[in-house]
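# Understanding the architecture of this molecule
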Amino acid sequence: MLLSHRIRLEATAEQCEYFVRAAGTARRVWNWALAEWQRQAAMGGRINAMTLKKQFNALKYVHSDWLDAAGRPWLRTIHRDAHAQPFSHLANAWARYFAARKNGKPAYHPRFKKKGRCRDSFYVANDRLRVWGRNAVLPKVGRVVLAEELRFSGKILGANVSREADHWFLAVQVEVPDEEALRCRTGNGVAGVDLGVIAAATLSTGEKIASPRPLRSALRRLCIRSRRHSRKMKAARAAAGLVGAIPKGTRLPKSANQMKSARRLARLHARIARVRADFTNKLTTRLCRENQAVAIEDLHVKGMLANARLARSIADVGFHEIRRQLQYKALRYGTVIVLADRWYPSSKLCSAYGQKNGTLTLAERVWTCNCGTRHDRDVNAAINLQRLATGALAARTALPVASPAVTSGTVSGKVPEAVGKVTPARYEHGHQDGSGQEEDVAH
Ligand SMILES: [Zn+2]
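Because the structure is predicted, anything quoted here is derived from the model rather than measured. (Residues numbered from 1 in each chain as written. Predicted model: local features only at pLDDT ≥ 70, side-chain atom pairs only at ≥ 80, totals over all residues. Heavy atoms only, no water.)

## Describing a negative patch on the surface
Together, Glu175, Asp178, Glu179 and Glu180 line one region of the surface with negative charge. Among the elements that make up the negative patch, the one with the highest residue count is helix α4 (residues 178–181) (three residues). Of the residues examined, Glu180 reaches a relative accessible area of 40% and is grouped as partly exposed. (Patch = residues over 30% accessible without salt bridge, like charges linked within 9 Å, V, L, I, M, F, W, Y side chains within 5 Å. Areas by Shrake-Rupley, 256 points an atom, 1.4 Å probe, with all protein chains shown as cover. Salt bridge = Lys/Arg side-chain N within 4 Å of Asp/Glu carboxyl O. Lys, Arg positive; Asp, Glu negative; His and termini not counted. Charge placed at Lys NZ, Arg CZ, Asp CG, Glu CD. Helix = DSSP H or I, 4+ residues; strand = E, 2+ residues; numbered from the N terminus. Buried < 20%, exposed > 50% of the residue type's maximum accessible area, 1.4 Å probe, protein only.)

Here's what the structure looks like:
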């Protein structure tokens, strides 16, 4: 099983300086490759990453674009992987784009990266990478201290070095033998989980788990820091004598104060993301650890984010991330994840007798069914979802083990009609590669 552990690096100033240059190289090579790809495609050529890389190798030490002021090829100071990997990332990005277009999903073609606007990262292949204890050896920088030890043992396939605010991280990909990757569950429950804004998760047991909603609590500070930063941008524009739109390609000089405020702002954003990640990780691990089946709604997150009033709260909980984590963690715990169809009326069904209350509005948190049962809206929905999970589990155990449609952790086959439609879970391994291009996932 391919697992990845992202570890913070305790890098020295010189090491950080190399990371910045290596990430910049990866970005510049990506941009070169993308421009060349587009140019050759416009001329009707058939391009692939290998031929493009060959063309790049022919010019990378001689072309004037890739020489420093003294006429030396500066790519020699950066390890090969940083400028070789963007080609395969680009090929993947195009492949994803064409696959999405073929399947009629929203497709986004690869885009150019901009310094300060894109993810700073570069790749290190396993031939020059060594990890032991709290140490890693990276090409050109030597030994770097890790904030914690690598938690997996197995064959290291490679690593990505990336930056988040003012820290650098090493994400090590490890091929872990299945018997080591699998985890024991502490319980065999069957849970329905209703995701919401007031309580991030309501379990079918009636338990409500609140999200820390880190964005909401940091919003005031975020506004202050953003405003301060924007004032410094304005000052820089005024100092340069610019009025109105900045001409394309302009580089304003950055003051020390401006860079300081940018770092402050970035640190707060990173903190918000970390608090959220801590919550989702703990929640999803707990759900997978304690249950043999978990049912959640296949929420249309993108559509929900279109609701301007709810978007911030929804994004603050991170529904999509909860689902993604449940799906990959389910593989390790042998938990079945059931995605209820988007149109399954989990909130509107009476969990006691199954009548549908078609008039239920979003504002009604508690409602009384015709049968006389009083329902808490979220708990009722969670119980309905739990019923789906029970049905799916029964259907799964009834299936022959050798059925090719059944992969570990995925629900397949028919579920009793009364409980509604169940779609098999999709796994989004390799959701993001080092190219920083998000795989487009339609929900
Ligand atoms: Zn009822």
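So much for the structure itself; the text now carries on.
## Focus: the side chain of Ser162
Relative to the elements of secondary structure, Ser162 occurs in strand β6 (residues 155–164). With residues up to four places along the chain from it excluded, the contact list for Ser162 reads Arg6, Arg119, Asp120, Ser121, His167, Trp168 and Phe169. (Contact = heavy atoms within 4.5 Å.)

## Some words on the pairing of strand β12 (residues 336–340)
Here β12 lies mainly inside the structure; five of its five residues are buried. Burial of the side chains of β12 extends over both faces: Val336, Val338 and Ala340 are buried on one face and Ile337 and Leu339 on the other. Bridge analysis of strand β11 (residues 291–297) against β12 gives five bridges, and the strand direction is parallel. Bridge pairing links Val294 to Ile337 in β12. (Pairing = 2+ DSSP bridges.)

## What about the layout of surface pockets?
Its volume calculated, the second largest pocket comes out at about 790 Å³. Every residue lining the second largest pocket is counted, 28 residues in all, and those nearest its centre are Glu297, Leu299, Met304, Leu362 and Arg377. (1 Å grid on protein atoms, 1.4 Å probe; cavity = no way out; pocket = protein on both sides within 12 Å on 5 of 7 lines; lining within 4 Å. Points joined across faces, edges and corners; volume = space filled by probe spheres on them.)

## What about the sheet that holds strand β1 (residues 2–10)?
Read from one edge to the other, the open sheet built from seven strands follows the order β2-β6-β7-β1-β5-β4-β3, with strand pairing classed as antiparallel. Only two strands of the sheet have a single partner each, and these edge strands are β2 (121–125) and β3 (130–132). Taking the axes of each pair of neighbouring strands and ignoring which way they run, one obtains an average angle of 30° across the sheet. Across the face of the sheet, helix α1 (residues 13–42) comes into contact with β1, β2, β4 (135–138), β5 (142–146), β6 and β7 (167–175) while running at roughly 95° to β2. (Axes fitted to C-alpha atoms, helices over the stretch in contact; angles between N-to-C directions.)

## Looking at the packing of helix α6 (residues 256–290) against helix α9 (residues 319–333)
Running from amino to carboxyl end, α6 crosses α9 at an angle of 40°, the nearest separation of the two axes being 9 Å. In terms of axis orientation, α6 runs oblique to α9. The chirality of how α6 crosses α9 is right-handed. Contacts between α6 and α9 pair Thr280, Asn281, Leu283, Thr284, Thr285, Leu287, Cys288 and Arg289 from the former with Glu321, Ile322, Gln325, Leu326, Tyr328, Lys329, Ala330 and Tyr333 from the latter. Looking at the contact of α6 with α9 residue by residue, the class counts come to eight nonpolar, five polar and three charged. (Parallel < 35°, antiparallel > 145°, perpendicular 65-115°, else oblique. Left-handed = near helix turned anticlockwise from the far one by under 90°. Nonpolar A, V, L, I, M, F, W, Y, C, P; charged D, E, K, R; others polar.)

## Section: the packing of aromatic side chains
One pass over the structure, following the stated rule, counts 13 aromatic pairs. A ring pair is formed by Trp37 and Trp94, whose centres lie 5.9 Å apart and whose planes are at 20°; its orientation type is stacked. Of this pair, Trp37 sits in helix α1 while Trp94 sits in helix α3 (residues 80–102), and the two are 57 residues apart along the sequence. Trp37 gets classed as buried once you look at its relative accessible area, which sits at 10%. (Phe/Tyr/Trp six-rings, centres within 6.5 Å; stacked < 30°, edge-to-face > 60°.)

## Observations concerning the coordination of the zinc ion
Donor atoms from the polypeptide that bind the zinc ion are Cys350 (SG), Cys369 (SG) and Cys371 (SG), placed at 2.2 Å. Positions of the donor residues of the zinc ion, expressed as sequence spacing, correspond to C-x18-C-x1-C. Overall, Cys371 belongs to the partly exposed group, its relative accessible area being 31%. (Donors = N, O, S within 2.8 Å, 3.2 Å for Na, K, Ca; no water.)

## Quick notes on the pairing of β1
Burial of the side chains of β1 is restricted to one face: Leu3, His5, Ile7 and Leu9 are buried, whereas none of Leu2, Ser4, Arg6, Arg8 and Glu10 on the reverse face is. Sheet topology places β1 next to β7; seven bridges connect them, and they run antiparallel. In the sheet register, His5 faces β7, and the bridge partner there is Val172. Here β1 pairs with β5 via two bridges, running antiparallel. Considered in β5, the bridge of Glu10 is made with Val145.

## A few points about the nonpolar core
Counting 32 residues, the largest nonpolar core has Leu9, Phe19, Phe122, Leu138, Val161 and Leu170 as its most contacted members. Of all the secondary structure elements, the ones that give two or more residues to this core are β1, α1, β2, β4, β5, β6 and β7. A total of five residues in this core trace back to one element, the largest contributor, which is α1. The next biggest cluster of nonpolar side chains, apart from the first, holds 23 residues, and it includes Leu195, Val301, Ile314 and Tyr333. (Core = buried A, V, L, I, M, F, W, Y, C linked by side-chain atoms within 4.5 Å.)

## Quick look at the pattern of salt bridges
For the structure shown, the criterion picks out 18 salt bridges. Ionic pairing is found between Asp81 and Arg80, a salt bridge with its closest N-O pair at 3.1 Å. Using a relative accessible area of 4% as the deciding quantity, one classes Asp81 as buried. Looking at Arg80, the relative accessible area reads 43%, which means it is partly exposed. Ionic pairing is found between Asp376 and Lys208, a salt bridge with its closest N-O pair at 3.0 Å. With Asp376 in strand β14 (residues 374–376) and Lys208 in strand β10 (residues 208–209), this pair connects stretches of sequence that are 168 residues apart. With a relative accessible area of 42%, Lys208 lands in the partly exposed category. Three or more residues joined by partner-sharing salt bridges are found here, namely Arg27, Asp120 and Arg163.

## Comments concerning α1
Helix length check: α1, at 30 residues, gives a terminal C-alpha distance of 43 Å against a target of 44 Å (1.5 Å per residue), a fit within 8%. Positive backbone phi, approximately 85°, marks Gly44, located one or two places after α1. (Expected span 1.5 Å × (residues − 1).)

## Brief notes about the confidence of the model for the chain
Mean pLDDT for the chain: 86, with 89% of residues reaching 70 or above. Model confidence for the chain, summarised as mean pLDDT per element, is weakest for strand β15 (residues 422–423) at 44 and strongest for β5 at 97. pLDDT under 50 marks residues 399–443. Its contacts with residues more than four places away, or in other chains, come to 105 contacts. (pLDDT = per-residue confidence, 0-100.)

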